[in-house]
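Secondary and tertiary structure notes
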Amino acid sequence: EQELGIDSAGFGKIGMFLSLTMALGFWALGRHPWWHFRGRWMWAFHAGLACSLLLAYAASGPLALYLCAGLTGVGISFLYASHLYYGVTGGARRSRRMAIHEVLVSAGFLVGAYGGGLLAGVIGLRAPYVVGCGALMCGVVAEMVIHRGNKAPAAETAKSPTVPTP
């Protein structure tokens, strides 16, 4: 509490604000398709989410934490909706892809909550923000590798000579 300048009730209000901004983000994304098949937005929101975690690390007081929570809520809503959208579009094994997505999200919440609490207790309340940012960046790198891996076969097929059919 002393480290961030806010009590436990204040943390609850900030968590509620994060949830509210997530809900508003989901509502807006559900009403407007401007983000469909525009991958650069996904990378931009990943960067924004990483910045909001670093801002939370540097925050001093409730107003800065509310700002970070708002940015985080919007970022989470966009990224979650994007991952769901891209998981179900264009794939033959949608159920499998969605199951993998939800297992990974649930595991992230489980490990993040437990690990974040452990880090906060051992190192300090700001430590989980830095570790969360690092985990987010690892996820971005993994997504880039997967994205490039999915593009490679199409590029190779385009370069291969075509065989005429009789």
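Our subject is the structure that appears above.
Here's what I pulled together on the structure shown here. Values in this document were obtained by computation on a predicted structure and should not be read as measured data. (Residues numbered from 1 in each chain as written. Predicted model: local features only at pLDDT ≥ 70, side-chain atom pairs only at ≥ 80, totals over all residues. Heavy atoms only, no water.)

Tracing the sequence through the fold places Ser 82 in helix H3 (residues 62–88). If we ignore the near neighbours within four places in the chain, the residues touching Ser 82 are Trp 35 and Met 42. (Helix = DSSP H or I, 4+ residues; strand = E, 2+ residues; numbered from the N terminus. Contact = heavy atoms within 4.5 Å.)

With that settled, the discussion passes to a nonpolar patch on the surface. A cluster of nonpolar residues, Tyr 114, Leu 118, Val 122 and Ile 123, forms a patch on the protein surface that exposes about 490 Å² of accessible area. Within the secondary structure, Leu 118 sits in helix H4 (residues 94–122). (Patch = residues over 30% accessible without salt bridge, like charges linked within 9 Å, V, L, I, M, F, W, Y side chains within 5 Å. Areas by Shrake-Rupley, 256 points an atom, 1.4 Å probe, with all protein chains shown as cover. Salt bridge = Lys/Arg side-chain N within 4 Å of Asp/Glu carboxyl O.)

Two numbers describe how helix H1 (residues 8–31) lies on H3: the axes approach to 7 Å, and their chain directions differ by 35°. Seen from above, H1 lies across H3 with right-handed handedness. Of the residues assigned to the contact of H1 with H3, the class counts are 15 nonpolar, six polar and one charged. (Axes fitted to C-alpha atoms, helices over the stretch in contact; angles between N-to-C directions. Left-handed = near helix turned anticlockwise from the far one by under 90°. Nonpolar A, V, L, I, M, F, W, Y, C, P; charged D, E, K, R; others polar.)

With that out of the way, let us pick up the packing of aromatic side chains. By the definition in use, this model includes eight aromatic pairs. Between the aromatic rings of Trp 35 and Tyr 85, the centroid separation amounts to 5.3 Å while the plane-to-plane angle is 65°, which identifies the pairing as edge-to-face. Of this pair, Trp 35 sits in the loop between H1 and helix H2 (39–58) while Tyr 85 sits in helix H3; the two residues are 50 residues apart in sequence, bridging distant segments of the chain. Following the ring pairs from residue to residue traces out a cluster consisting of Trp 34, Trp 35, Trp 41, Phe 45, Phe 78 and Tyr 85. (Phe/Tyr/Trp six-rings, centres within 6.5 Å; stacked < 30°, edge-to-face > 60°.)

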